[in-house]
Amino acid sequence: VPTAPTPNRSTRPMSATVTSASTTDVALASIGAALGSNLVVKAVLAFVAGGRRFGLAFVATIAVPTVVFAAALWLVVARG
């Protein structure tokens with residue numbers, strides 16, 4: 001009874017070497033994109049559900065933490 005070959009280095013396809021730094025950069029960028037889109041949705045919902053005044057107050061409240069997080073994320077990715 002023939003058996004399927006076991007996967008080993010000779011049967012696996014060759015791929016580009018992925019370093020842990022590039023994997024971390026991609027993960028951090030993904031986190032940033034997810035949080036950014038989440039904040040945009042929350043801001044839109046604040047305007048729709050609470051009106052212009054509430055929406056502006058909400059955006060003003062989350063503006064500073066958003067900028068600080070974006071700057072920290074950029075710094076971490078830029079420094080590697």
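Scoring rules and cut-offs
- Residues numbered from 1 in each chain as written.
- Predicted model: local features only at pLDDT ≥ 70, side-chain atom pairs only at ≥ 80, totals over all residues.
- Heavy atoms only, no water.
- Helix = DSSP H or I, 4+ residues; strand = E, 2+ residues; numbered from the N terminus.
- Areas by Shrake-Rupley, 256 points an atom, 1.4 Å probe, with all protein chains shown as cover.
- Phe/Tyr/Trp six-rings, centres within 6.5 Å; stacked < 30°, edge-to-face > 60°.

Another aspect to go through is the overall build of the protein chain. A tally of helices and strands in the protein chain yields 1 helix and 0 strands. When the accessible surface of the protein chain is summed, it comes to about 6600 Å², and 71% of that surface belongs to carbon and sulfur atoms.

Before going further, it helps to spend a moment on the packing of aromatic side chains. Tallied over the entire structure, the rule returns 1 aromatic pair. Taking 6.5 Å as the distance between ring centres and 25° as the angle between the ring planes, the aromatic pair formed by Phe54 and Phe58 counts as stacked. In this pair, Phe54 and Phe58 are both assigned in helix H1 (residues 20–79), 4 residues apart and thus about one turn of the helix distant.

We now examine the environment of Ile31. Counting through the fold element by element, Ile31 comes out in helix H1. In this structure, the C-alpha to C-alpha distance between Ile31 and Leu73, residues 42 residues apart in sequence, is 9.3 Å.

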